[in-house]
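What follows is each chain in one-letter form.
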Amino acid sequence: MREGRLIAALISTFGDTTAAGAIRITESIKLDPARGVLLLAEEDEQDTQLKEYTLDGRFTGRTFGSAELTQQAEGIALVPGGAPPRAWVVAVPDCDWTPEAFAGLVADDGPAGAASRLPRALVAAGCGVFIPVILDRTAEFSGNPRVRFTNQPHREYAYRPAFELGRHPLGYEIQKILAAVDRIEAAAPSGKPTPIGVCGVGEGGRLALLAAACDERIDGALVCGAFGPREATWQEPIDRNVWRLLTTASDAEAAALVLPRALVIEAAVADAFTGPVPPAPGRGGGAAPGRIAPVPAGDCADETGQARAYAALHGAERRFTVVGDPADPGPAGDPAGLRAFLAGVGIDAAGSALAAPAVPLDAGTVTAAARQRQRRQLDEISRHTQRLLEWSAAARARDWQEVIAATQRRDRTAAEAALGPQRERIRAELIGRLPDPSMPLGVRSRQVLDDPAFTGWEVTIDVFPDVIAGGILLVPKGLRAGERRPAVVCQHGLEGVPMDTITGAGNSHAVYKGFAAELARRGYVTFAPQNPYRGGDRFRTLQRKANPLGLSLFSFIIPQHGRILDFLGTLPEVDPARIGFYGLSYGGKTAMRVPPFEPRYRLSICSADYDEWVRKIAVDHAPYSYVFTGEYEIFEWNMGHLANYAELSWLIWPRPFMVERGHDDGVAPDEWVAWEYAKTRRHWVKLGNADDCAIEWFDGPHAINGAGTYEFLARHLDPDGRLPRGK
């Protein structure tokens, strides 16, 4: 300080201070003595890189990790004083607890503060404890300032694009726990492995169970306030939705994967949650409903009973411990459970919990730091999923290489042979397959319309017990005896009903143009089905219930359409070899997911839906994206790596396929549509079917245009021109 001014002077530097070699934010330093180099991790807001230096500090020019080190485990470590830790434990808090609160380092009179006795008791027993950050259920960072912010919890906001790309918040966070295990293992003295345990409460308890099930390096697990059956997952927050969970492993089966290593199940208090939380001012809504409540005592007993049976199969009954009262749970860290857990990591007795610090950390400072950690954790997952999105087309191209190569060679036989296994793979892995219906059709009908040009019947058809297909059948008047007409199945969109495709007035007509009725006036038999995507959350829960079984909404819609085709094939007025499909919006979504697996559809027309679908679903910086909307059921497991709309269209080939697209349709920009359609069109052209693949661009909105599509239907379903044209 001179004359009231602060003066700074550079005293010395070490190493490389060039623009390329200088380190600005040093995260960590690692010596690699075998190679005689230093590895320095440089961190900034966007990336983490490793730079390589000689031992005297000169930059070698080698930088790596920029594309790979996209996510990091963050948290706090508690280390006992004196001797090195006797064991290390990764202690995962419930998702809305900060590590500091779980460690008892801040004043907290809630569940986190009460549960802090657990990590403090572990430290008192001589354990080193790492408490990681996991995504919480607040919504502060859920959104993009270039688009909008939402009321989705951080966990849901991460879940949406991740699920579409075959990733999951649970998976990311398990990897972070295992990264801590990697670090502990690497730091252990040579020849003296350090025992490793994992424990957690609530959401953290579930992660602890799954991490221990995944990695046998973990010697023991303590699961607090989180163990129970998973059949009610569909009622919980959507970030708990796991594809095929119930066909793979509920909690008892996960426990079986931990055993015969030590496993302690503790009934303990964890946070409750009810969503969606109303959006704050300036934010959009659309978050999925979901509720977390204490596991009922009976359910907990049933699941632990099943786990105990698995323990008996392992001969590990003494390694499986259940403590606490599910009917009256206390805070995590029951002494009996803690003793059993510590025994599993080689410590034979539990000490008392450490006293809380005499001067706790400043709550405001901790809160500010916690907010920034949440932002970093969410941003890292978001950047990773967006990178996966950009790479997904290349990944699909590898898996579809046989089809692509046959198409390029113009080899129709090879293309058909390669498409067969792909059709089965996509049906099983993307849609989910149910057994074919076997019960009688059980058709019921009643007349509901009498138009000068056609007669209409409401029809219901049995599919499975308690599952029907239904819709409205329009049969043109004036058919000659024995005459069989082509038919078109006309599918409504989201929240629609069959009459939307028929009515000649009102809001529905502005969108659908009464196209089912218009086609009937042109001489086609038409059938307008009632698809199940109606009723808001009521239909969306069908998707939630189906996903843990490896099924989806279209697992049911495909057999429903199969029964509709069975029914149409029984009608003397219908030629079963000339039945086409034409759907708008969610009906266009149906056009991409039913005809690929139902060969009796002679052609398919996708209206107001076709685009680069995976991008629309998963991109987090475009206003068209479902990441920001209320259609939380729309995300399909790993679609980004299985099939986009071009690949789904190839499964329709060699049958005719058409896209109807309005320039003002807000589904996606024209450029996304053209990008994806080019791949569809090339397939038909290369394989000699150029006339059977078409797109009509029209100057209009999200609606039926009914010009080029009607010509397309006539060309392929009425090639002899026997039906009337026009009204």
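**Q** How would you summarise the sheet that holds strand E12 (residues 262–266) if you had to cite specific residues and measurements?
**A** If you walk across this open sheet you meet the 7 strands as E5-E7-E6-E10-E11-E12-E15, and the pairing is mixed. Only two strands of the sheet have a single neighbouring strand rather than two, namely strand E5 (75–78) and strand E15 (320–323). The mean inter-strand angle of the sheet, taken between neighbouring strand axes irrespective of direction, is 15 degrees. Both strand E11 (residues 220–224) and E12 contribute to a ladder of 5 bridges, which runs parallel.

**Q** Lay out the sheet that holds strand E19 (residues 485–491) with the relevant residues and their values.
**A** Strand order across the open sheet formed by 9 strands is E16-E17-E18-E20-E19-E21-E22-E23-E24, with mixed pairing between neighbours. The sheet terminates laterally at strand E16 (444–450) and strand E24 (693–698), the two strands that pair on one side only. Looking at each pair of strands side by side, their axes are set apart by 20 degrees on average, direction ignored. Where E19 and strand E20 (residues 525–529) come together, 3 bridges link them in parallel fashion. Each residue of the ladder has a partner; that of valine 488, found in E20, is threonine 526. Relative to E24, helix H22 (residues 670–686) is tilted by about 160 degrees, and along the sheet it contacts strand E23 (657–662) and E24.

**Q** So what about the nonpolar core? Which residues, and what values?
**A** Within the largest apolar cluster, 94 residues are counted, with the highest numbers of intra-cluster contacts made by Ile426, Leu473, Leu568 and Tyr610. Of the residues forming this core, the biggest block, 8 residues, is contributed by helix H17 (residues 553–570). When neighbours within four sequence positions are excluded, isoleucine 426 is seen to be in contact with Trp400, Ile431, Phe597, Leu642, Ala643, Leu648 and Leu651. Core analysis: the next-biggest nonpolar cluster, separate from the first, contains 37 residues, Trp88, Val90, Ala208 and Ala252 among them.

**Q** Could you give me a rundown of the packing of helix H12 (residues 401–408) against helix H13 (residues 412–431), with the residues and numbers involved?
**A** Relative orientation of the contacting elements H12 and H13 amounts to 160 degrees, with a least axis distance of 8 Å. Between H12 and H13, the angle falls in the class roughly antiparallel. As H12 runs across H13, the sense of the crossing is left-handed. Two secondary-structure elements touch here, H12 through Glu402, Val403 and Ala406 and H13 through Ala414, Ala415, Ala418, Leu419 and Gln422. Residue classes in the contact of H12 with H13 are distributed as 6 nonpolar, 1 polar and 1 charged.

**Q** Explain empty space enclosed by the protein to me, and be specific about the residues and the numbers.
**A** Taken as a whole and assessed by the stated rule, the structure comprises 3 cavities of 30 Å³ or more. Forming the boundary of the largest cavity are Pro153, Glu156, Pro237, Ile238, Asp239, Phe273, Gly275, Pro276, Ala288, Pro289 and Gly290. Here the lining of the largest cavity is built from residues that sort into 7 nonpolar, 2 polar and 2 charged. In this structure, the second largest cavity occupies an estimated 50 Å³ of space. Lining the second largest cavity we find Gln543, Ser552, Leu553, Phe554, Tyr586, Lys589, Glu633, Ile634 and Glu636. Of all elements in the fold, only H17 and helix H18 (586–593) reach the threshold of two or more residues within the lining of the second largest cavity.

**Q** How would you sum up the packing of aromatic side chains? Please name residues and give values.
**A** One pass over the full model with this rule turns up 17 aromatic pairs. For the ring pair tyrosine 157 and phenylalanine 628, a centre distance of 6.4 Å and an interplane angle of 55 degrees mean the geometry is tilted. Of the two residues, tyrosine 157 is situated in helix H4 (residues 154–164) and phenylalanine 628 in the loop between helix H19 (613–618) and helix H20 (639–642); the sequence distance between them amounts to 471 residues. The exposure class assigned to tyrosine 157 is buried, which follows from its relative accessible area of 4%. Overall, phenylalanine 628 belongs to the buried group, its relative accessible area being 2%.

**Q** Which residues make up the pattern of salt bridges, and what are the values?
**A** This structure, assessed with the given rule, holds 37 salt bridges. The shortest N-O distance in the salt bridge between glutamate 185 and arginine 217 comes to 2.9 Å. Of this pair, glutamate 185 sits in helix H5 (residues 169–187) while arginine 217 sits in the loop between helix H6 (203–214) and E11, and the two are 32 residues apart along the sequence. With relative accessibility at 42%, the residue glutamate 185 sits in the partly exposed group. Looking at arginine 217, the relative accessible area reads 26%, which means it is partly exposed. Residues arginine 240 and glutamate 236 are paired through a salt bridge, measuring 3.4 Å at the closest nitrogen-oxygen approach. Judged on exposure class, the residue arginine 240 and its partner glutamate 236 are both buried. Within this structure, Arg137, Arg155, Glu173, Glu203, Arg230, Glu236, Asp239, Arg240 and Asp251 form a network of salt bridges that share partners.

**Q** Run through the layout of surface pockets, naming residues and quoting values.
**A** Over the atoms a probe the size of a water molecule is rolled, and this reveals where empty space is left. Its boundaries defined by the atoms lining it, the second largest pocket holds a volume of some 680 Å³. Every residue lining the second largest pocket is counted, 37 residues in all, and those nearest its centre are Glu236, Ile292, Ala293, Pro294 and Val295. For the lining of the second largest pocket, the elements supplying multiple residues, two or more each, are H6, E12, strand E14 (290–292) and helix H9 (297–314). Across the lining of the second largest pocket, the residue classes tally to 20 nonpolar, 4 polar and 13 charged.

**Q** So, the packing of H17 against H18: which residues are in play, and what are the values?
**A** Remark: H17 packs on H18, axes separated minimally by 11 Å, with the N-to-C direction vectors making an angle of 80 degrees. Taken together, the axes of H17 and H18 are roughly perpendicular relative to one another. Contacts from Leu553, Phe554, Ile557, Ile558 and His561 in H17 reach Tyr586, Lys589, Thr590 and Arg593 in H18. By residue class, the composition of the contact of H17 with H18 is 5 nonpolar, 2 polar and 2 charged.

**Q** Can you lay out unusual backbone geometry for me, pointing to particular residues and giving the numbers?
**A** In this chain, glycine 275 is followed by proline 276 through a cis amide linkage whose omega measures 10 degrees. By secondary structure assignment, the location of proline 276 is in the loop between strand E13 (273–275) and E14. The residue after tryptophan 653, namely proline 654, is reached through a cis peptide bond having omega 10 degrees. Along the chain, proline 654 falls in the loop between helix H21 (645–650) and E23. For aspartate 466, which is not glycine, the phi dihedral falls at a positive 70 degrees.

What counts, and at which threshold
- Residues numbered from 1 in each chain as written.
- Predicted model: local features only at pLDDT ≥ 70, side-chain atom pairs only at ≥ 80, totals over all residues.
- Heavy atoms only, no water.
- Pairing = 2+ DSSP bridges.
- Helix = DSSP H or I, 4+ residues; strand = E, 2+ residues; numbered from the N terminus.
- Axes fitted to C-alpha atoms, helices over the stretch in contact; angles between N-to-C directions.
- Contact = heavy atoms within 4.5 Å.
- Core = buried A, V, L, I, M, F, W, Y, C linked by side-chain atoms within 4.5 Å.
- Buried < 20%, exposed > 50% of the residue type's maximum accessible area, 1.4 Å probe, protein only.
- Parallel < 35°, antiparallel > 145°, perpendicular 65-115°, else oblique.
- Left-handed = near helix turned anticlockwise from the far one by under 90°.
- Nonpolar A, V, L, I, M, F, W, Y, C, P; charged D, E, K, R; others polar.
- 1 Å grid on protein atoms, 1.4 Å probe; cavity = no way out; pocket = protein on both sides within 12 Å on 5 of 7 lines; lining within 4 Å.
- Points joined across faces, edges and corners; volume = space filled by probe spheres on them.
- Phe/Tyr/Trp six-rings, centres within 6.5 Å; stacked < 30°, edge-to-face > 60°.
- Salt bridge = Lys/Arg side-chain N within 4 Å of Asp/Glu carboxyl O.

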